[in-house]
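# Observations on the model geometry
Below, each chain spelled out in residue letters.
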Amino acid sequence: QIQTGTNIPEIINNPKALDVPSTSQFLEHSKESVEERKKIYKSFSDISATMLLSINNVIAKNQELINRDPKTGNYYFKGAVPPVISGSVANDFSLRTEGIKLKQTALRLRNPRNKPDVWEEKALNILENNGTIGGFGELIKVKGKSVYRYMKPLYMEMQCLMCHSHSEAMPSEAREFIEKNYSTDESLGYKAGELRGGISVVIPIQDEYSFEFLSKK
């Protein structure tokens, strides 16, 4: 069991922690072994992103419970929407895993702070142009450091439409909150099943030899 504060990148990159061959032995393995190593990064990224998506869905489904006073019946929008809560979870996750970053982003933004970087924009366009792809990932260098980057698609579900279809569909309190805090909102007009954005994952790779070898495959 992984305890709080465990260095997850170290576990992924440390062959002893996973009880697999050392780096030098690993580099001598077949192409199939290399592909398996890539699958580890992709699988871990996808699981991490799915965790954030699950948090989003639970929050979206329970907006009535979160905002409705059970005693008075009054509706008071608290601003506890999926991207806000999942953003806080992502920050906490990064601190606890010492470097793995999660981020919700999109091409059409509500919150400018979630603007995609160059790689995220490329990945989102790939997902946009290929509706059948389950996610996009690759090994790259960022500011001289080796990382595995992954983007998991985020599709519109029925519970998301209250805040992303049309402003008329929102409770008045929610609409006023969004108009006040996000004057440049571009995230309306969606339909169920459409690509809303994605969950970006960044995993630091500590083993440079593995990076150089894997990135050539």
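Scroll up to find the structure.
In this report, we go over the structure that sits alongside the text. (Residues numbered from 1 in each chain as written. Predicted model: local features only at pLDDT ≥ 70, side-chain atom pairs only at ≥ 80, totals over all residues. Heavy atoms only, no water.)

## Some words on the packing of aromatic side chains
Counted by the stated rule, this structure contains 3 aromatic pairs. Summarising the aromatic geometry, the rings of Phe77 and Phe177 are spaced 5.2 Å apart at their centres and angled 65 degrees between planes, so their arrangement reads as edge-to-face. Of this pair, Phe77 sits in the loop between helix H5 (63–67) and helix H6 (82–96) while Phe177 sits in helix H9 (residues 172–181), and the two are 100 residues apart along the sequence. Residue classification places Phe177 among the partly exposed residues on the basis of a relative accessible area of 26%. (Phe/Tyr/Trp six-rings, centres within 6.5 Å; stacked < 30°, edge-to-face > 60°. Helix = DSSP H or I, 4+ residues; strand = E, 2+ residues; numbered from the N terminus. Buried < 20%, exposed > 50% of the residue type's maximum accessible area, 1.4 Å probe, protein only.)

## Things to note about the layout of surface pockets
Its volume calculated, the largest pocket comes out at about 870 Å³. Around the largest pocket, the lining comprises 39 residues; the ones closest to its centre are Pro82, Pro83, Val84, Gln104 and Asn114. Listing elements by their share of the lining of the largest pocket, those giving two or more residues are helix H4 (31–61), H6, strand S1 (101–105), strand S3 (145–155), helix H8 (161–164) and H9. For the lining of the largest pocket, the element with the highest residue contribution is H6, accounting for 8 residues. A breakdown of the residues in the lining of the largest pocket according to their chemical character gives 21 nonpolar, 13 polar and 5 charged. (1 Å grid on protein atoms, 1.4 Å probe; cavity = no way out; pocket = protein on both sides within 12 Å on 5 of 7 lines; lining within 4 Å. Points joined across faces, edges and corners; volume = space filled by probe spheres on them. Nonpolar A, V, L, I, M, F, W, Y, C, P; charged D, E, K, R; others polar.)

## Re the pairing of strand S2 (residues 136–142)
In this sheet, S3 lies alongside S2 in antiparallel orientation, the contact comprising 7 bridges. Note on S3: the bridge partner recorded for Phe136 is Met151. Where S2 folds back on S3, the antiparallel hairpin that results is connected by 2 residues, among which Lys143 adopts a positive phi of roughly 55 degrees. (Pairing = 2+ DSSP bridges.)

## Some details on unusual backbone geometry
Phi at Lys143 takes a positive value of approximately 55 degrees, unusual for a residue other than glycine. Mapped onto the elements, Lys143 comes out in the loop between S2 and S3.

## Considering H6
Helix length check: H6 (15 residues) gives 21 Å between terminal C-alpha atoms against 21 Å at 1.5 Å per residue, within 8%. Just downstream of H6, Glu98 is the residue with a positive phi angle, here 55 degrees. (Expected span 1.5 Å × (residues − 1).)

## Regarding the environment of Glu157
Tracing the sequence through the fold places Glu157 in the loop between S3 and H8. In the structure, Glu157 is positioned 37 residues away from Glu194 in sequence and 8.4 Å away in space, judged by C-alpha atoms. Side chain to side chain, Glu157 and Gln159 meet in a polar contact 3.0 Å long. (Polar contact = N/O pair within 3.5 Å; in protein donor to acceptor, adjacent residues only side chain to side chain.)

## Observations concerning the pattern of salt bridges
For the coordinates displayed, the defined rule picks out 8 salt bridges. Here Asp92 makes a salt bridge to Arg96, at a shortest N to O gap of 2.6 Å. In this pair, Asp92 and Arg96 are both assigned in helix H6, 4 residues apart and thus about one turn of the helix distant. Classification of Asp92 by relative accessible area gives partly exposed; the value is 35%. In this structure, Glu138 and Lys122 form a salt bridge, with 2.5 Å as the shortest nitrogen-oxygen distance. Taken together, the residues Glu138 in strand S2 and Lys122 in helix H7 (residues 118–129) connect sequence positions 16 residues apart. Taking relative accessible area as the criterion, Lys122 reaches 38% and is therefore assigned partly exposed. Here the salt bridges share partners, and the residues they tie into one network are Lys103, Asp117, Glu120 and Arg149. (Salt bridge = Lys/Arg side-chain N within 4 Å of Asp/Glu carboxyl O.)

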